[in-house]
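# Structural overview for review
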Amino acid sequence: MNKLTGPLRKINTEQKLLRPLQVWETACYAASAVGYLTGRPGACLVVSGPGLLHALGGMANANMNCWPLIVIGGSSDRNQETKGAFQEFPQVEACRLYSKFSARPSSLEAIPAVIEKAVRFSIYGRPGACYVDMPGDFVNQQVNKSSVKYVKCCLSPPVSTAEPSAVSEAASVLAHSSQPLLIIGKGAAYSRAENSIRKLVDQCGLPFLPTPMGKGVVPDNHPNCVAAARSRALQHADVIILLGARLNWILHFGLPPRFQPNVKFIQVDICAEELGNNVRPAAALLGDINAVTDQLLEQLVLMKWKYPSYTEWWKGLREKMKINDEMTKALVLQKSLPMNYYTVFHHVREFLPTDCILVSEGANTMDIGRIMLPNYHPRHRLDAGTFATMGVGLGFAIAAAMVVKDQTPEQRVICVEGDSAFGFSGMEVETICRYNLPVIIIVVNNNGIYNGLDANTWKEILESGEPAALAPPACLLPNSHYEQIMSTFGGKGYFVQTPEELRSALKASLAEKQVPSLINVMIDPQSNRKQQDFHWLTRSNM
Ligand code: ADP
């Protein structure tokens, strides 16, 4: 029933379902995040030509992340093709590189079957992006209802289990390990395998390490989480169970110097082609993570195998975690102003609701935030992902807010952005305010990309009369008041420079349930990540 009154009565309820974002690319990122969070593909509608081209970034990002997504693009009329039609572009061909399936229905009657196929392809096997092209002349064409062949929506993806012999092999390899490690990736989060993985960790006493978006599948504060000794764990493990994570750049290809040359991988994945990428696995378990973890656990219980909690391996990991925690604590406690990253995240962490969805992007902001900001629930962290894409933040935050709004309206979305990352999609603050979404944006502002300049140095550059020649390309305008973008659209903006101001802004933003807010946190433009044992993009010679 339409409860609207006055001029609002004229709003077509179907129109309300369309929630336009400012930018096509962001809309596509948002739709892909809906797919990851819900397990059903979000749909992104774009206009022809440039509209579709802008969405390609979102499709590529979804496909790289193995997230389901449907993009539906308008395109020029079929009888104008090759004539230089309005926004004419070979859209179906262009999308093939960025998707699992790309097609134009041959007629109006064929649309249901093509949509069913696109949805099915997006969630069956390894999830990914699909494109359906809708030429302009379809819009005005008449269709005879009786000639349309309606197709039922596909069934949920069939659940596949691994070959029993591969499961036995995996259990035997694990039982012979002296320094085992479990790596939990975002494939495990997507496949909703949290309960079975938690059982595996608890019953077998395994140390585990989540990848960035694998965080929260088992809570970060679980005693077996060795994230604070990540490099040590990777470098010295002799057997690694890989649950829904690829041996790509994020896991340093599984090769030395970050891993032992003879480390044995037990690889679990739904995609057969993934098994053996970069390293030949000791056991390859093809199937759904949830089902395969249960199979493995059953076998290990039968063998009565449990990894002892007092081994040299555990001792070394715990010592390393303690050293790293103390180094972090020293940075957190620094009293100098402007603040450093660690101090900022320490205060943010104290205020974070445990069930909030954390969105994060940037360079140091994302890397340090990943270590400092805990996740307690699966699928509660969204970040730059496999493609390391900047610009995803606000689209992801909007998607997360739309997903939680109806089911758990109290739940908050906290979007932690570097100042440069915020610039990629900052105008979406208008969308957040338009729909009054429960989003708090925190911009960690160091006046630049990696490092910026302080206001005095910038003033000297301006006085030289040659800012374009003298300003380093990675520096942005110092002390930009990003919070005013939020207040312009009716949200709350805070400019903070001290821990006290930060705490009071966090408190006020969380207390304010009706209005979105943006906290612009000024930090030391030279603040950096603490010394790491390895460069984040370690190159391997093998
Ligand atoms: P991360 O970035 O966390 O390391 P990746 O995106 O590299 O994770 O890897 C996710 C993997 O999970 C992909 O190889 C994908 O095929 C796999 N995957 C996705 N869904 C399932 C599932 N239901 N069962 C098993 N593997 C899955």
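Just so it is clear, the model here is predicted, and its values are computed rather than measured. (Residues numbered from 1 in each chain as written. Predicted model: local features only at pLDDT ≥ 70, side-chain atom pairs only at ≥ 80, totals over all residues. Heavy atoms only, no water.)

Turning next to the overall build of the protein chain. Helices and strands together make up the secondary structure of the protein chain, namely 21 helices and 15 strands. Scaling as 2.2 N^0.38, a compact globule of 542 residues should have a C-alpha radius of gyration of about 24 Å, and the protein chain matches this with 25 Å. Once the C-alpha set of the protein chain is aligned to its principal axes, its extents read approximately 75 × 70 × 50 Å. Out of the 542 residues belonging to the protein chain, those deemed buried represent 54%. Partitioning the contacts of the protein chain with sequence separation of at least 6, the portion at a separation of at least 24 is 76%. (Helix = DSSP H or I, 4+ residues; strand = E, 2+ residues; numbered from the N terminus. Rg over C-alpha atoms; globule rule 2.2 N^0.38 Å. Buried < 20%, exposed > 50% of the residue type's maximum accessible area, 1.4 Å probe, protein only. Contact = heavy atoms within 4.5 Å.)

With that settled, consider the site of the ligand. Looking at the ligand, there are 21 residues lining it, with R126, K186, T211, R246 and D269 nearest. The separation between an oxygen atom of the ligand and a polar side-chain atom of R126 is 2.8 Å. With respect to the ligand, the backbone of I270 contributes an N or O atom lying 3.0 Å from a nitrogen atom. Expressed as a share of its isolated accessible area of 580 Å², the protein-covered part of the ligand is 97%. The element contributing the most residues to the shell around the ligand is helix α8 (residues 186–190), with 3 residues. (Near = heavy atom within 4 Å. Polar contact = N/O pair within 3.5 Å; in protein donor to acceptor, adjacent residues only side chain to side chain. Areas by Shrake-Rupley, 256 points an atom, 1.4 Å probe, with all protein chains shown as cover.)

This next bit is on the packing of aromatic side chains. A complete count under the given rule lists 7 aromatic pairs for this structure. Both rings, one in Y29 and one in F396, keep their centres 6.4 Å apart while their planes meet at 80°; by these two values the pair is edge-to-face. One end of the pair, Y29, is in helix α2 (residues 24–38); the other, F396, is in helix α15 (residues 393–407), and 367 residues separate them in sequence. As far as burial versus exposure is concerned, Y29 and F396 are alike and both buried. Taking the centre distance of 6.4 Å and the plane angle of 40° together, the rings of W305 and Y307 count as tilted. Classification of Y307 as buried rests on a relative accessible area of 4%. Following the ring pairs from residue to residue traces out a cluster consisting of Y29, Y36, W67 and F396. (Phe/Tyr/Trp six-rings, centres within 6.5 Å; stacked < 30°, edge-to-face > 60°.)

Right, let's get into unusual backbone geometry. With an omega of 10°, the peptide bond between P256 and P257 qualifies as cis. Tracing the backbone shows P257 in the loop between β7 (239–243) and β8 (264–269). Cis geometry is found at the peptide bond from L337 to P338, where omega equals -5°. For P338, the position within the fold is in the loop between α12 (312–332) and α13 (341–351). Its identity as a non-glycine residue notwithstanding, N436 has a phi of 50°, on the positive side.

This brings us to the state of the cysteines. Across all of its chains, the model carries 0 disulfides by this definition. Left without a disulfide partner, C44 is nearest to the cysteine sulfur of C28, which lies 4.3 Å away. Here C204 stays unpaired: no disulfide links it, and the sulfur of C225, its closest cysteine neighbor, is 17 Å away. (Disulfide = S-S within 2.5 Å.)

Okay, the packing of α2 against α15 next. Where α2 meets α15, the closest approach of the two axes is 7 Å, and the angle between their N-to-C directions is 45°. On the basis of the axis angle, α2 is oblique to α15. For the crossing formed where α2 meets α15, the hand is right-handed. Together, T26, Y29, A30, S32, A33, V34, L37 and T38 of α2 and L394, G395, F396, A399, A400 and V403 of α15 make up the contact between the two elements. Across the contact of α2 with α15, the residue classes tally to 10 nonpolar, 4 polar and no charged. (Axes fitted to C-alpha atoms, helices over the stretch in contact; angles between N-to-C directions. Parallel < 35°, antiparallel > 145°, perpendicular 65-115°, else oblique. Left-handed = near helix turned anticlockwise from the far one by under 90°. Nonpolar A, V, L, I, M, F, W, Y, C, P; charged D, E, K, R; others polar.)

Turning our attention to the sheet that holds strand β2 (residues 69–75). With respect to topology, 4 strands assemble into an open sheet ordered β1-β2-β4-β3, the strand pairing being parallel. Edge positions in the open sheet fall to β1 (42–46) and β3 (101–103), since each of these has one partner strand only. For this sheet, the mean angle separating the axes of adjacent strands, direction not counted, is 15°. Pairing geometry for β2 and strand β4 (residues 129–135), over 7 bridges, is parallel. Paired with I70 across the bridge in β4 is C130. Seen against the sheet, α2 touches β1 and β2 and runs at an angle of roughly 165° to β1. Across the sheet, helix α5 (residues 111–123) is in contact with β2, β3 and β4; its angle to β4 comes to roughly 160°. (Pairing = 2+ DSSP bridges.)

On to the sheet that holds strand β6 (residues 208–210), then. Overall, parallel pairing links the 5 strands, which are arranged β6-β5-β7-β8-β9 in an open sheet. Only two strands of the sheet have a single partner each, and these edge strands are β6 and β9 (283–286). When the angles between neighbouring strand axes are averaged without regard to direction, this sheet yields 15°. Bridging between strand β5 (residues 180–184) and β6 involves 3 bridges; their strand directions are parallel.

With that settled, the discussion passes to helix α14 (residues 364–372). In an α-helix there are 3.6 residues to a turn, and that puts residues three or four apart on one side. Taking burial as the measure, the 9 residues of α14 include 7 buried ones, the bulk of the element. Listing the buried residues of α14 in full gives N364, T365, M366, D367, I368, G369 and M372. The inward-facing, buried residues of α14 abut α12, α13, β10 (357–361), β11 (381–382), β12 (413–418) and β13 (439–445).

Summary statistics for the protein chain give a mean pLDDT of 94 and a share of 95% for residues scoring 70 or more. The model gives residues 11–17 a pLDDT under 50, and that stretch makes 3 contacts with residues more than four places away or in other chains. (pLDDT = per-residue confidence, 0-100.)

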